[in-house]
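Here is what each chain is made of, one letter per residue.
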Amino acid sequence: ALRGNRTWQPAWRSPVPKTHYDVIIIGGGGHGLATAYYLAKEFGITNVAVLEKGYVGSGNVGRNTTIIRSNYLLEGNNPFYELSMKLWEGLEQDFNFNAMVSQRGVLNLYHSDAQRDAYTRRGNAMRLHGVDADLLDRNTVRQMLPFLDFDNARFPIQGALMQKRGGTVRHDAVAWGYARGADMRGVDIIQNCEVTGIRRENGRISGVETSQGFIGCGKLAMAAAGNSTTVADMVDMKLPIESHVLQAFVSEGLKPFIDNVVTFGAGHFYVSQSDKGGLVFGGDIDGYNSYAQRGNLATVEHVAEAGVAMIPALSRVRVLRSWGGIMDMSMDGSPIIDRTPIDNLYLNAGWCYGGFKATPASGFCYAHLIAKNEPHETGRAFRLDRFARGRMIDEKGVGAQPN
Ligand code: FAD
């Protein structure tokens, strides 16, 4: 039955690396591929290689729970994530690939007066930035999501902050769409090519040592997500980042019953339903540093408890699979898109557990920085030296919660 597939062409080439590129990007995840795509499309820079140690999509871009939103509170974050949302809204037409962008709405439940006040403040900040936000009362939420445990004595649900334009996107398709679009414009995507060292001459980067030999470059751009610190070690650069595991889960297929993305406000749990019917859910990071793409049972138990506290019927649902990805946790929960103390080395890191939704804006702003040596206006706040200057964008407890 699959005989027809024999004539299908690969969506991108598998080129032999050239000896030198104008720009090398380390990491073929969402951010590295989006950066290559916008470098070629927006800035006409096509002599670019993306070096990926595994296969395209083997990192967090293919491991996340696919949620997109722009419901942030703080000045630096809010316009940036809204730029990303606007790019998501036109992405499929832009790269001519079905990424299954689904603006099904994201609801953050609140369970106390204090939490309602905090969500009201966040919703107001969103509206002041032109982002949609609605504060829903208990009855409205009950009509939309009758299966939630409204009578839970410890965590009664009082309402929710909703962003209707938030939702989900098919994560693999994002990686494939950007990879195909970059390749079509001349970018070399080189898989199974691990960067093992960075060569410096006269204070500048001259190229990278890789598992496929030395490759020279004019500019070097890091987009290694959970491995950012190990790559930065190659030039003795210490980053304000710790790597942690975040787990995710998918259940057996069920008839459609959760139309939106819903996050629990009284514990670490969030859920949506995939088009195949599986519930896709997760919670908090495993609390210790690790570079392993797997997590521990204590977190599994915590996520299951929080899930059942929010939706009692979940106790009868079977989990099919769980997996982990490595999070590059920055100290204030916000990312870094910046030049580094080395002239032709650029840094894109610190996306924590929320970098999937940022993929288009991150690629767009990073490409601008690499091409022009000047930050894009919308990503200007994400400076590397903000920790030293005390200019933190501390939103880890609000907008940058898992998902
Ligand atoms: P990656 O896909 O990890 O890309 C980095 C790449 O660099 C990897 O492919 C890696 O192999 C490669 N690499 C590393 N070192 C080297 C080297 N030395 N040489 C060559 N290549 C190298 N975000 C959201 O917005 N919404 C969500 O719902 C969400 N849920 C999540 C759930 C889970 C379980 C996880 C793990 C993450 C989640 N995230 C979410 C976070 C999001 O996935 C990440 O922040 C984002 O994907 C990171 O950017 P990336 O796609 O470029 O990373």
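Conventions adopted
Each chain carries its own residue numbering, running from 1 in the written order of its sequence. Only residues with pLDDT of at least 70 get local features here, since the model is predicted, and only at 80 or more are side-chain atom pairs given and counted; chain-wide, interface and lining totals rely on the full set of residues. Side-chain measures were taken over the full set of non-hydrogen atoms in the model, leaving aside hydrogen atoms and water. A cavity here means a set of 1 Å grid points, computed over protein atoms only, where a 1.4 Å probe fits but cannot escape. A pocket is an open set with protein on both sides within 12 Å along at least 5 of 7 lines, and lining residues have an atom within 4 Å of a point. Grid points are joined across faces, edges and corners, and a volume is the space filled by probe spheres set on the points. Runs of E in the DSSP output that reach at least two residues are strands. Runs of H or I that reach at least four are helices, and both are numbered from the N terminus. Three residue categories are used. Nonpolar comprises Ala, Val, Leu, Ile, Met, Phe, Trp, Tyr, Cys and Pro, charged comprises Asp, Glu, Lys and Arg, and polar comprises the others, including Gly. If a single non-hydrogen atom of a residue is within 4 Å of a molecule or strand, that residue counts as near it. N or O atoms closer than or at 3.5 Å make up a polar contact, with two conditions inside protein: a donor-capable atom paired with an acceptor-capable one, and, for residues adjacent in sequence, both atoms drawn from side chains. Methods summary: accessible areas were calculated by the Shrake-Rupley approach with a probe of 1.4 Å, and residue burial reflects only the protein chains presented. Angles shown run from 0 to 180 degrees and are taken between the N-to-C directions of axes, each axis being a line fitted to C-alpha atoms and, for helices, limited to the stretch in contact. Convention used here: angles under 35 degrees read as roughly parallel, angles over 145 as roughly antiparallel, angles from 65 to 115 as roughly perpendicular, and any remaining angle as oblique. We call two residues contacting when some pair of their heavy atoms lies within 4.5 Å.

Overview of the layout of surface pockets
Working step 1: Computed from the structure, the second largest pocket encloses a volume of approximately 750 Å³.
Working step 2: Lining the second largest pocket are 32 residues, with Thr66, Arg170, His171, Asp172 and Ser274 positioned closest to its centre.
Working step 3: Those elements giving two or more residues to the lining of the second largest pocket turn out to be α5 (171–184), β12 (241–253), β14 (270–273), β15 (278–289) and β16 (319–330).
Working step 4: With 4 residues, the top contributor of residues to the lining of the second largest pocket is α5.
Working step 5: Taken together, the residues of the lining of the second largest pocket break down into 10 nonpolar, 15 polar and 7 charged.

Digging into the site of the ligand
Working step 1: Around the ligand, a shell composed of 38 residues is seen, among which Glu52, Asn60, Val61, Thr65 and Lys357 lie nearest.
Working step 2: The separation between a nitrogen atom of the ligand and a polar main-chain atom of Ile67 is 3.0 Å.
Working step 3: When the free accessible area of the ligand is taken as 990 Å², the share hidden by the protein chains comes to 97%.
Working step 4: Here the shell around the ligand gets 3 residues from one element, more than from any other, and that element is β12.
Working step 5: Its residues assigned to classes, the shell around the ligand shows 18 nonpolar, 15 polar and 5 charged.

A short note on the packing of helix α1 (residues 30–43) against helix α2 (residues 77–95)
Working step 1: Across the interface, α1 lies against α2 with an axial gap of 14 Å and an inter-helix angle of 70°. Considering their axes alone, α1 and α2 lie roughly perpendicular with respect to each other. Of the residues in α2, those touching α1 at Tyr37, Tyr38 and Lys41 are Leu87, Leu91, Asp94 and Phe95.
Working step 2: Of the residues that constitute the contact of α1 with α2, the class distribution is 5 nonpolar, no polar and 2 charged.

Fair warning: the whole summary comes from geometry, so function is off the table for now.
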